[in-house]
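Each chain, written out:
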Amino acid sequence: MSESSVRLNVFKTYKLYVGGKFPRSESGRVYEVSDSKSKWLANAPLSSRKDARDAVVAARKAFGGWAGATAYNRGQILYRIAEMLEGRREQFVREVGEAEGLSKSKAAAVVDAAIDRWVWYAGWTDKIGQLVGGANPVAGPFFNLSTPEPTGVVTVVAPQDSSFLGLVSVIAPVIATGNTAVVIASEESPLPALSLGEVLATSDLPGGVVNILSGKAGEMGPHLASHQDVNAIDLAGADAALAKELEIAAADNLKRVLRPQPVDDWSADPGTSRMTAFLETKTVWHPTGSLGAGGSSY
């Protein structure tokens, strides 16, 4: 090999994804991430409580615009995420394979399932309202309509054992219904999550709708669970002890809490329960006017 053909390895620098930007941890800390065979892969940011607070601020700032967007527009953006992932499929196959110790074919199946999951939730954005809302029968000249609305800022403790498909399966339903998310990625395998931030940044998703933190859930979780501007928390990736601690902390401002639910196969049909978990129901009464023999005056 000639001297001119020798190149230095260009290692990837992984950063947080907060407010549509890619900051390093405010603390300056990092931690080593290794594959299933203990081979070093990268240094990931070790997020601090300040990083978590910044993520909540970004999520709250983005909430009004995202919740106010049409369901059709949210569906378009989720579909665009799937498109961008498809274009970077080989990168994610490699990262998921390294993170979870999977063969290339099995990692490819996981990535394909994650892409399909974005498409699946994209299709639900303008349909979930018909499923959980509607007109209520009342005895009187009134319309009585119940409609779903997003809860607000949701903290998501991502699954520890499914660094990508499980991650997508807990993020997508939160934002499909108009919520914004602060995500604590898998501590041992955060790299696919941090790379997902790069995809989200180029997929028309407004900055702050999804914020991805890497590090220790035991360090950031209690602060986010007690944060007065967080409206709900999904404990998908918390162990029993941490889940109990976070649930107690979340009671301070009556957060919605989705308790850990064992999932044997993240590729199975997810149903609609994760979407409805973070929806509120608004019921509106409206007079119809006088009703004569011919029915409504409208």
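The notes below deal with the structure included here.

Conventions and cut-offs
Residues numbered from 1 in each chain as written. Predicted model: local features only at pLDDT ≥ 70, side-chain atom pairs only at ≥ 80, totals over all residues. Heavy atoms only, no water. Pairing = 2+ DSSP bridges. Helix = DSSP H or I, 4+ residues; strand = E, 2+ residues; numbered from the N terminus. Axes fitted to C-alpha atoms, helices over the stretch in contact; angles between N-to-C directions. Buried < 20%, exposed > 50% of the residue type's maximum accessible area, 1.4 Å probe, protein only. Contact = heavy atoms within 4.5 Å. 1 Å grid on protein atoms, 1.4 Å probe; cavity = no way out; pocket = protein on both sides within 12 Å on 5 of 7 lines; lining within 4 Å. Points joined across faces, edges and corners; volume = space filled by probe spheres on them. Right-handed = clockwise from strand over helix to strand, strands pointing away.

A few words now on the sheet that holds strand β7 (residues 210-213). Strand order in the open sheet formed by 5 strands is β7-β6-β5-β8-β9, and the pairing between neighbours is parallel. Each having just a single partner strand, β7 and β9 (256-258) make up the two edges of the open sheet. Taking each pair of neighbouring strands and ignoring which way they run, the sheet shows an average axis angle of 15°. Bridge count between strand β5 (residues 153-157) and strand β8 (residues 232-234): 3 bridges; the pairing is parallel.

Tracing the backbone shows V284 in strand β10 (residues 279-287). A relative accessible area of 38% places V284 in the partly exposed class. A C-alpha to C-alpha distance of 37 Å links V284 and W266, two positions 18 residues apart in sequence. If near-sequence neighbours (up to four positions away) are discounted, V284 is found in contact with F143, N144 and L145.

With that settled, the discussion passes to unusual backbone geometry. In this structure, S38 is a non-glycine residue whose phi angle is positive, near 65°. Within the fold, S38 resides in the loop between β1 (30-34) and β2 (40-45). Despite not being glycine, D204 has its phi angle at roughly 75°, a positive value.

Now for the sheet that holds β10. Read from one edge of the open sheet, 3 strands run β3-β4-β10, paired in antiparallel fashion. Strands with a single pairing partner mark the edges of an open sheet, and in this sheet they are β3 (134-135) and β10. Two strands pair when backbone bridges link them, and β3 and strand β4 (residues 142-150) are joined in this way by 2 bridges, in the antiparallel orientation. When the sheet's bridge partners are listed, A135 is paired in β4 with L145.

Each pocket or cavity is described by its volume, and for the largest pocket that value is around 320 Å³. Around the largest pocket, the lining comprises 15 residues; the ones closest to its centre are Y14, L41, A42, R94 and E98. Going through the elements one at a time, β2, α3 (89-100) and α7 (191-201) are the ones with two or more residues in the lining of the largest pocket. Space inside the second largest pocket adds up to approximately 220 Å³. Together, 15 residues line the second largest pocket, and A71, R74, P148, P150 and T177 are the ones closest to its centre. Breaking the lining of the second largest pocket down by element, the ones donating at least two residues are α2 (71-87), α5 (128-132) and β4.

To continue, consider the pairing of β5. Counting buried positions over the 5 residues of β5 gives 5, a clear majority of the element. Along β5, one buried face is formed by V153, T155 and V157 and the opposite face, lined by V154 and V156, is buried too. Across 5 bridges, the pairing between β5 and strand β6 (residues 180-184) is parallel. Bridge pairing links V153 to T180 in β6. Taken together, β5, helix α6 (residues 165-176) and β6 constitute a β-α-β crossover, and its handedness is right-handed.

Note that every value here comes from positions in space, so none of it alone points to a role or purpose.
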